[in-house]
Amino acid sequence: MGIVRWIVRLATALLLLGSAAAGIGVLYLRTGLPPKSGTLAVQGLEARLEILRDEYGIPYVYAQTERDLWFALGLLHAQDRLVQLETTRLIGQGRLAEFAGARALPLDRLNRVLGLSQEARRIYAAMEPDARRQTDAYTDGINAALAARDGAWPVEFLFTGYRPERWEGWHALLWGQLMGLSLNSGWRDTLLRARLGDRLTPDLIAALWPQADPARAAAPADPGLAALAEAAAAALPEADGTGSASNEWVVAGSRTASGKPILANDPHLGLGAPGIWYLVRLEAPGVRYVGATAPGAPALILGHNGNVAWGFTTTNADAADLFVERLDPTDPTRYLTPEGPRAFETREELLQVKDGKPETLIVRRTRHGAVISDIDAAAQATAGAGQVLSLALPFLFELDRTAEALMRLNRARNAAEAVEATRLWQSPVQNMVYADTHGAIGLRTVGAVPMRASAASLLPYAGASRNVGWTGFVPFERMPALVDPASGFASNANDRVASPDYPYHLSFAFDPAYRQRRIVELLSSRTQQDIAYHEAMLADAHSIFAREAILAARNLTPVDAQSRTALEMLRSWDGRMDRSRPEPLIFTAWMRELTRRGLDAALGPMADAALRERPTLALGLLAGTSPFCAPNCAAMAEAALGVALDELGQKYGRDLKRWQWGAAHRAPFENPIFARLPIVGALLAVDLPTHGDYYTINRGGMRLSNAAAPYAHIHGAGLRAIYDLADLDSTLFVIAPGQSGHPLSPHWRDLAPVWAAGQHVRLARNRAELPPGTPSLALVPKP
C-alpha cells in the first residue's frame, strides 16, 4: 500500500507540475498578442493616428494622412497575421522549405522556375511614384511592428526556429503574383489531357470538358507527349482539386427598396486558419476604405470607398499555355524554333532546406516561357530525352500592373473611374461587378486574355511550329462588359461570361451554370429587394443540379430495400443541401461513386487524377446516354447507389433516415502546422457542419478524391459582403474563422459561428457608434 500511495503522489505531483508548466507556457505565448490600448511609438509614421478594435477584433484606423493608413495596415497585418504574412512572402520567393522543410520543395521549385521574385522586383521598379509610396508605407508598417515586438514569437516560429526578416517594397507584390498564378490554372487541365494520350476521345472531351470543341484536341504527332506530361505532373506541387469559384451580383436601384444599387460578393477560395481575408475600416481626411484586405497586399482587395463598391469572381480564363519544346539533337543546351536552334535562357537558383541539404536548381526559359517539366530530376528521367514543356504566362510578356490597377480602383469616385482603373489589370483575369452611389451598375471582365496565332488548343502546342504562340492580348475595349443592363441586374458565378459568338477564346472550363441559374432565378423573382434578401441569397443551399440528377434517375429500379428507401427519399426531396438532412449525404455519395465508375470505364488507371464533380458525365450516366456505361447504364447507377449506401452505413449506422449531411460536410479550417500535432490540433480546431455543396450559391467545395474525407468543406466563401449603395455604412461583412492568426487570441475563431449560420456583422460608422470602453491604441512617430 505504501508503494501504491507513493506512486499516486508522484503521478499527482508530475501532473500538477505539467499543468503548471503548460500554464506558464500559455502565459508566455500570450505575451505575443498585440497591444490594444495605450500608446506605441514607431519609426516611419508621419503623424499620430488611432486604432480601435471592436468586439471581433476588427480594426478602425483614424489617421491624419492617407499614407499613414497604409502604414497602419502593414502594422496590423504584422501584429495579427505575422506567420501568414511571412509564409506568403516565403512562398512567393520560393523559400518555404527554409520554414517547412523538404516537403515544401515542389512549391519552391515551381515558384523559382517561374521567377515570381524577379517579376515582383521588376513591377516595383516600374511603379508610378504614388503607388510605390503606398507600397513602401505598407512595408514600413510591417517593419515597425517587427521592431516594436517585445513578447513571444508566434508558436509556429518557436516550433520551427524561424525568425521574420525585414520587408522590402517588392515583397508586398508577391501576394498578387501568387493569386494570379493560383487563379490561372487552366494549364493544369491541359496537362491532364496530355497525360491521357489516346484515351482523349471526342466522347471523353464532351463528358469532362463539355464547353470545348473536340476538334481542338487533334492527336499530336509526338507519341511521347503523355510521358512528358506525366513527368511534369509528378514534378509539380499538387493542386487542391477543388476548382476555383465565387458568386457576385449587382442590382439596380429600380429593383431595390432603397432606390440605390445593392451589390453582393463571396469569393470562394481554400478555407483555413487563419483565413485569407482581414477586415478593416481605414479613414483619413477625404478618404475611406472599408472591406477585405489580405496580409501581404498593400491595398483594399474587396470593399467600398464611400463612393464605389466592387466585387470579383474568377473568369477561369485560359490565360496560360503549354508548349512542347524539342531539343536540338546536336546540342541539348538549345531548342528548336522556326528560325533554327536557340539557346535556353538559364540561371541558377539555390534552395535552402530546413533540416536538410541545400539544392541547386538550373532554371531554363524558352521564347514561350519557363521550362516546368524538369524541375524535378527524378520525374524528368521518366519522360525520356529530346523534349521539355514550357509554360507561357502573361507577366513573362508584359509588365503586370495589377497592383496599381487595384490602388486606382480603391480611389475611384464613380463607376466610370472604377472601370478605367482596371485598364491596367493583368492577372488573374476576373469578372468585376461594380456600383456607385449615383446608381450606375455594371459587370466587366478584366485582365490579360491572350490572342493566339492559331486556334486555342486543348493540348500543348508544338513549340517549334511557326504559327503558334501569342500575338498580344484582347483589347480592353473588346472585353466582355455589361453597363446598366436593361434587366436591372448583372451576375456571374464563374460561368460563361460572354455569348458563344464572342470573337476571342476565353476558356474551355467555365463552371457549369447551376449557381448562376439559381442567382438569376432569385434576382428575377422579386422587386423591392433589400439587404436582408441578399443576405438570404448568399445562404441559399438549393441545388439545381440535384433536381436535374434525380429527374434523370426517375426510371431506376432499386436493387434492395435500402436502395428503395434511399430513392424514395431523394425523389421527394427539394434539392436543398441542408446540413441536418440525410438526402444531401446520400445524393453526394451516390454521385461520387457513380462518377468514379464512369471515370474508371473511360480512363482506367488515370481515373483518380480526374475525380472531381463532373456533372455532364454524371447526368449522362444517369440518363443512359453516356458511352462510358454501355451496355447497361442503369446497372452502373444502381450499383453505385448500393456501394455508396454501404460505405455510409459503415460510418453512420444502418438507419439512413438518421444520417445528416453535416456529419460529413464540415468546414475544418485547418492550420497547416497545428493540424499535424494531435493534441494541439484538436484543441485549436475550428470544425463546423455546413450547408451547401459544389453547385449551390452557398458553396461548399470538397475534394472528392480524398478517400479519408471526401465531403469535407475545404473550399468556399471565406468572405461574404453585401453593399447597399444608399447607405454604404450599412454594409454587411463576415470572414472565417476570425481576424487573428494567433491561436490564443479571442479572435482566432469567434467569427466562425456567425459565418456558419449565414449571418454577418456591420462595422461601426464612426467612433461614436463603438461601445464605451472600446480599446484604443495610439500610434505616434518615434523621435
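Residues numbered from 1 in each chain as written. Predicted model: local features only at pLDDT ≥ 70, side-chain atom pairs only at ≥ 80, totals over all residues. Heavy atoms only, no water.

**Q** How would you sum up the overall build of the protein chain? Please name residues and give values.
**A** Counting its regular elements, the protein chain contains 25 helices and 31 strands. Relative to the compact-globule value of 28 Å for 783 residues, the protein chain shows a C-alpha radius of gyration of 27 Å, a close match. Principal-axis analysis of the C-alpha atoms places the extent of the protein chain at approximately 80 × 75 × 75 Å. Relative to its 783 residues, the protein chain shows a buried fraction of 60%. Considering only intrachain contacts with a sequence separation of at least 6, the fraction spanning at least 24 residues in the protein chain is 71%. Counting every atom, the protein chain has about 30,200 Å² of accessible surface; 54% of that belongs to carbon and sulfur. Charge separation in the protein chain, taken as the distance between the mean sites of 78 positive and 80 negative side-chain charges, equals 3 Å. (Helix = DSSP H or I, 4+ residues; strand = E, 2+ residues; numbered from the N terminus. Rg over C-alpha atoms; globule rule 2.2 N^0.38 Å. Buried < 20%, exposed > 50% of the residue type's maximum accessible area, 1.4 Å probe, protein only. Contact = heavy atoms within 4.5 Å. Areas by Shrake-Rupley, 256 points an atom, 1.4 Å probe, with all protein chains shown as cover. Lys, Arg positive; Asp, Glu negative; His and termini not counted. Charge placed at Lys NZ, Arg CZ, Asp CG, Glu CD.)

**Q** Describe the state of the cysteines, with residues and values.
**A** Taken as a whole, this structure holds one disulfide when the rule is applied. Disulfide partner of Cys-629: Cys-633, at an S-S distance of 1.9 Å. Because the torsion about its S-S bond is 75 degrees, the bridge between Cys-629 and Cys-633 counts as right-handed. The same class applies to Cys-629 and to Cys-633, which are both buried. (Disulfide = S-S within 2.5 Å.)

**Q** I'd like a rundown of the nonpolar core, residues and numbers included.
**A** Membership of the largest hydrophobic core comes to 242 residues, with the highest contact counts inside it found for Trp-590 and Leu-622. At ten residues, the largest contribution of residues to this core is made by helix 20 (residues 583–603). Membership of the second largest hydrophobic core comes to 16 residues, among which are Ala-493, Ile-519, Leu-523 and Tyr-533. (Core = buried A, V, L, I, M, F, W, Y, C linked by side-chain atoms within 4.5 Å.)

**Q** Give a description of the packing of aromatic side chains that names residues and reports values.
**A** In total, this model carries 21 aromatic pairs according to the counting rule given. Ring centres 5.1 Å apart and planes at 40 degrees place the aromatic pair Trp-70 and Tyr-289 in the tilted group. Of the two residues, Trp-70 is situated in helix 2 (residues 66–80) and Tyr-289 in strand 7 (residues 287–293); the sequence distance between them amounts to 219 residues. As far as the burial class goes, Trp-70 and Tyr-289 line up, both buried. With a centroid separation of 5.7 Å and an interplanar angle of 55 degrees, the aromatic rings of Trp-573 and Phe-587 are classed as tilted. Of this pair, Trp-573 sits in the loop between helix 19 (561–571) and helix 20 while Phe-587 sits in helix 20, and the two are 14 residues apart along the sequence. This pair shows no difference in class: Trp-573 is buried, exactly as Phe-587 is. Taken together, Tyr-514, Phe-545, Trp-573, Phe-587, Tyr-694 and Tyr-695 form an aromatic cluster joined through their ring pairs. Residue placement shows Arg-132 over the ring face of Tyr-124; its charged tip is 5.2 Å from the ring centre. One cation-aromatic arrangement involves Arg-614 over Trp-209; the distance from NZ or CZ to the ring centre is 5.7 Å. (Phe/Tyr/Trp six-rings, centres within 6.5 Å; stacked < 30°, edge-to-face > 60°. Lys NZ or Arg CZ within 6 Å of the ring centre and 35° of its normal.)

**Q** Requested: an account of unusual backbone geometry, with residues and values cited.
**A** Residue Pro-428 is reached from Ser-427 by a cis peptide bond, and omega for that bond is 0 degrees. Tracing the backbone through its elements, the reader meets Pro-428 in the loop between helix 15 (415–421) and strand 17 (430–436). Between Ala-630 and the following residue, Pro-631, the backbone shows a cis peptide bond with an omega angle of 5 degrees. With respect to the helices and strands, Pro-631 occurs in the loop between helix 21 (615–623) and helix 22 (633–652). Unlike most non-glycine residues, Asp-355 shows phi in positive territory, near 60 degrees. Among the structural elements, Asp-355 can be located in the loop between strand 13 (345–351) and strand 14 (359–365). Among the residues examined, Asp-355 registers a relative accessible area of 75% and is labelled exposed.

**Q** So what's going on with the pairing of strand 31 (residues 776–781)? Which residues, and what values?
**A** Sheet topology note: the strand 1 (residues 38–42)/strand 31 ladder contains five bridges and is parallel. Bridge pairing in strand 31 places Gly-38 opposite Leu-777. Where strand 2 (residues 49–53) and strand 31 come together, four bridges link them in antiparallel fashion. When the sheet's bridge partners are listed, Leu-52 is paired in strand 31 with Ser-776. (Pairing = 2+ DSSP bridges.)

**Q** Describe in detail helix 14 (residues 402–410), supporting the description with residues and values.
**A** For helix 14, a buried count of seven out of nine residues is recorded, marking the element as mostly surrounded by other parts of the structure. Regarding helix 14, the residues found buried are Thr-402, Glu-404, Ala-405, Leu-406, Met-407, Leu-409 and Asn-410.

**Q** Account for the sheet that holds strand 1, naming residues and giving values.
**A** Strand order in the open sheet formed by eleven strands is 1-31-2-3-6-7-8-9-17-18-22, and the pairing between neighbours is mixed. At either margin of the open sheet sits one strand with a lone partner, and together these are strand 1 and strand 22 (481–483). Direction aside, neighbouring strands of the sheet carry axes that sit 20 degrees apart on average. Most of the contacts of helix 2 go to strand 6 (residues 278–284), to which it runs at about 155 degrees, and overall it touches strand 1, strand 2, strand 3 (59–62), strand 6, strand 7 and strand 31. (Axes fitted to C-alpha atoms, helices over the stretch in contact; angles between N-to-C directions.)

**Q** Describe the environment of Glu-404, with residues and values.
**A** Following the sequence through the fold, Glu-404 ends up in helix 14. Within the structure, Glu-404 has its side chain in polar contact with the backbone nitrogen of Glu-128 (distance 3.3 Å). (Polar contact = N/O pair within 3.5 Å; in protein donor to acceptor, adjacent residues only side chain to side chain.)

**Q** Break down helix 20 for me, citing the residues and quoting the values.
**A** Relative to the 30 Å expected for 21 residues at 1.5 Å per residue, helix 20 spans 29 Å between its end C-alpha atoms, a close match to the ideal helical length. Of all the 21 residues making up helix 20, 17 are buried; the element is thus mostly covered by neighbouring parts of the structure. Looking at the residues trailing helix 20, positive phi occurs at Gly-604, about 60 degrees. (Expected span 1.5 Å × (residues − 1).)

**Q** Help me get a handle on the packing of helix 6 (residues 116–126) against helix 9 (residues 174–182), residues and values and all.
**A** Two packed helices can be described by the angle between their axes and the distance between those axes. Across the interface, helix 6 lies against helix 9 with an axial gap of 9 Å and an inter-helix angle of 125 degrees. Of the possible angle classes, the one that applies to helix 6 and helix 9 is oblique. Here helix 6 runs over helix 9; the crossing is right-handed. Side by side, helix 6 and helix 9 meet where Leu-116, Ser-117, Glu-119, Ala-120 and Ile-123 of the first sit next to Leu-174, Gln-177 and Leu-178 of the second. Its residues placed into classes, the contact of helix 6 with helix 9 shows five nonpolar, two polar and one charged. (Parallel < 35°, antiparallel > 145°, perpendicular 65-115°, else oblique. Left-handed = near helix turned anticlockwise from the far one by under 90°. Nonpolar A, V, L, I, M, F, W, Y, C, P; charged D, E, K, R; others polar.)

**Q** Could you give me a rundown of empty space enclosed by the protein, with the residues and numbers involved?
**A** In total, this model carries nine cavities of 30 Å³ or more according to the counting rule given. Of the pockets and cavities examined, the largest cavity occupies roughly 430 Å³. If you go around the largest cavity, you meet 31 residues; those closest to its centre are Trp-175, Met-179, Ile-301, Trp-425 and Pro-428. Looking at the lining of the largest cavity, the elements with two or more residues in it are helix 9, strand 4 (245–251), strand 5 (262–270), strand 9 (308–314) and helix 14. In terms of residue count, the dominant contributor to the lining of the largest cavity is helix 9 (four residues). (1 Å grid on protein atoms, 1.4 Å probe; cavity = no way out; pocket = protein on both sides within 12 Å on 5 of 7 lines; lining within 4 Å. Points joined across faces, edges and corners; volume = space filled by probe spheres on them.)

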